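Chain residues, written in single-letter form:
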Amino acid sequence: MAYSTLVIESGVARLTLNRPEVHNAFDDRLIAELNGHLETLHDLASAGDVRVVVLGSEGKSFSAGADLNWMKRIVDYDLADNLADSHKLAALMHGLDTLPCPTLCRVQGAAFGGAVGLAACCDIVIASEKARFCLSEVNIGLSPAVISPYVQRALGQRQMRRYALSAEIMDAPTALQLGLAHQVVEHDALDHAIDTMIDTLAKGSPQAQRATKALLASVAQAPDSDATREHTCQVIAQLRVSEEGQEGLASFFDKRRPAWTSPEEHQHAAEPRS
């Protein structure tokens, strides 16, 4: 039985951790499956066939972190084995973080260890009031090393120091206040909130969303530089003359919905005009 599932319908991809009997804990097999799914999704999102990715899980927990049986095997790994293992987890985080299309994370319960990294790599995190987040690694003599760039980006350096060193549990309101979660809803309203956000994202131009996501990643590296300023000018200029940019402006002035909001009229993003 697969440890994860990928279902794509009407441009929405739902990537789901499916190990509820062990609280969707990570092991090498789950990481390998997720990496394979992300390679597929990257291609589909780049082509415009997938508009939104929803990352979720079955059961009452989002993910409890590392699988106990996997951790028992890791005890016998040498340095080279551990390094290879870490590279695969790093590929998972990077692959999720760099998906071209918008990503949603559905957190219904506990998200511990590496699961906090998964949430931090997604563009939008919607959590149930029952959600709990914890960087628990130091309590077992480890560090949230691989996930740290993404979680620190979400929390900020100051708060990251506290929660990575203390391994305190963040409840849903705390995660919202710190910026790890974007929205907290009643538990029974979680799926409705996810669907509402999918509908909201579907109003945007697929091409513009891909360009904006790539732009923001670039700007974060060097927010105030000549190269960044030139890059921002290039992006907006190219979008303005592109097919979707022209359609967006035309639909705005015509007071109608743009073509990409209708599934039957959906088209892949076109190259900018010369």
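Below is a short write-up of the structure. (Residues numbered from 1 in each chain as written. Predicted model: local features only at pLDDT ≥ 70, side-chain atom pairs only at ≥ 80, totals over all residues. Heavy atoms only, no water.)

## Brief notes about the overall build of the protein
In step 1: Check the secondary structure of the protein and you find 11 helices and 9 strands.
In step 2: Taken over the C-alpha trace, the protein has a radius of gyration of 20 Å; the compact-globule value for 274 residues is 19 Å, and the two agree within 12%.
In step 3: Counting only C-alpha atoms, the protein reaches 60 × 45 × 35 Å along its principal axes.
In step 4: Across the protein, the fraction of contacts at a sequence separation of at least 24, relative to all contacts at a separation of at least 6, is 71%.
In step 5: Summed over its atoms, the accessible surface of the protein is roughly 14400 Å², and 55% of this surface lies on carbon and sulfur atoms. (Helix = DSSP H or I, 4+ residues; strand = E, 2+ residues; numbered from the N terminus. Rg over C-alpha atoms; globule rule 2.2 N^0.38 Å. Contact = heavy atoms within 4.5 Å. Areas by Shrake-Rupley, 256 points an atom, 1.4 Å probe, with all protein chains shown as cover.)

## Re unusual backbone geometry
In step 1: Unlike most non-glycine residues, S10 shows phi in positive territory, near 55 degrees.
In step 2: Summarising the element assignment, S10 is placed in the loop between β1 (4-9) and β2 (12-17).
In step 3: On the basis of relative accessible area, S10 is assigned to the exposed category, the value being 72%.
In step 4: The phi dihedral of K255 falls on the positive side, at around 60 degrees, and the residue is not glycine.
In step 5: Within the secondary structure layout, K255 lies in the segment after α11 (243-254). (Buried < 20%, exposed > 50% of the residue type's maximum accessible area, 1.4 Å probe, protein only.)

## Some words on helix α1 (residues 28-47)
In step 1: In a regular helix each residue adds 1.5 Å, so 20 residues correspond to 28 Å; α1 covers 29 Å between its end C-alpha atoms and thus fits that length.
In step 2: For α1, the set of buried residues is L30, I31, E33, L34, N35, H37, L38, L41 and A45.
In step 3: At the N-terminal end of α1, a side-chain oxygen is found 3.2 Å from the backbone nitrogen of R29, two or three residues along, and the residue is D27.
In step 4: Phi for G48, located one or two positions after α1, is positive at around 90 degrees. (Expected span 1.5 Å × (residues − 1). Polar contact = N/O pair within 3.5 Å; in protein donor to acceptor, adjacent residues only side chain to side chain.)

## So, the packing of helix α3 (residues 79-97) against helix α4 (residues 114-121)
In step 1: The geometry of α3 relative to α4 is characterised by a closest axis approach of 8 Å and an angle of 25 degrees between their N-to-C directions. On the basis of the axis angle, α3 is roughly parallel to α4. The two elements α3 and α4 meet at a crossing, and its hand is right-handed. Of α4, the residues touching α3 (which contributes L92, M93, L96 and D97) are G114, G117, L118 and C121. (Axes fitted to C-alpha atoms, helices over the stretch in contact; angles between N-to-C directions. Parallel < 35°, antiparallel > 145°, perpendicular 65-115°, else oblique. Left-handed = near helix turned anticlockwise from the far one by under 90°.)

## Observations regarding the sheet that holds strand β9 (residues 183-185)
In step 1: Here 6 strands make up an open sheet; going across it, the order is β1-β2-β3-β4-β6-β9 and the pairing mixed. Lying at the two open borders of the sheet, with one neighbouring strand each, are β1 and β9. For this sheet the average axis-to-axis angle between neighbouring strands, irrespective of direction, equals 20 degrees.
In step 2: Sheet analysis places strand β6 (residues 124-128) next to β9, joined by 3 bridges and oriented parallel. Each bridged residue has a counterpart across the sheet, and for A127 the counterpart in β9 is V184. (Pairing = 2+ DSSP bridges.)

## A short note on helix α9 (residues 206-221)
Since the α-helix turns once every 3.6 residues, residues separated by three or four places project in the same direction.
In step 1: For α9, spanning 16 residues, the distance from its first C-alpha to its last is 24 Å, which sits close to the expected 22 Å at 1.5 Å a residue.
In step 2: When α9 is considered as a whole, its buried residues turn out to be P206, Q207, Q209, R210, K213 and L215.
In step 3: As for α9, its buried residues are in contact with α1, α3, β4 (103-107), α8 (190-201), α10 (226-241) and α11.

## Points about the state of the cysteines
In step 1: Counted under the stated rule, the structure contains 0 disulfides.
In step 2: Here C134 stays free of any disulfide, with the sulfur of C105 as its closest cysteine sulfur at 16 Å. (Disulfide = S-S within 2.5 Å.)

## Let's talk about the sheet that holds strand β7 (residues 132-134)
In step 1: One open sheet accounts for 3 strands, arranged β5-β7-β8; its pairing is mixed. Of all strands in the sheet, those with a lone pairing partner are β5 (110-112) and β8 (169-171), marking the two edges. Neighbouring strand axes in the sheet, compared pairwise and without regard to direction, differ in orientation by 20 degrees on average.
In step 2: Inspection of the sheet shows β7 paired to β8 by 3 bridges, in the antiparallel sense. Bridging from a neighbouring strand, F133 pairs with M170 of β8.
In step 3: Relative to the sheet, α4 contacts β5 and β7, its axis offset from that of β5 by approximately 100 degrees.

## Quick word on the packing of aromatic side chains
In step 1: Counted under the stated rule, the structure contains 1 aromatic pair.
In step 2: Summarising the aromatic geometry, the rings of F252 and F253 are spaced 5.4 Å apart at their centres and angled 70 degrees between planes, so their arrangement reads as edge-to-face. F253 matches F252 in its accessibility class, with the two residues each being exposed.
In step 3: R19 extends its terminal NZ or CZ atom over the ring of Y3, reaching a point 4.0 Å from the ring centre.
In step 4: One cation-aromatic arrangement involves R29 over Y3; the distance from NZ or CZ to the ring centre is 3.9 Å. (Phe/Tyr/Trp six-rings, centres within 6.5 Å; stacked < 30°, edge-to-face > 60°. Lys NZ or Arg CZ within 6 Å of the ring centre and 35° of its normal.)

By themselves, these are just geometric observations and shouldn't be taken as functional.
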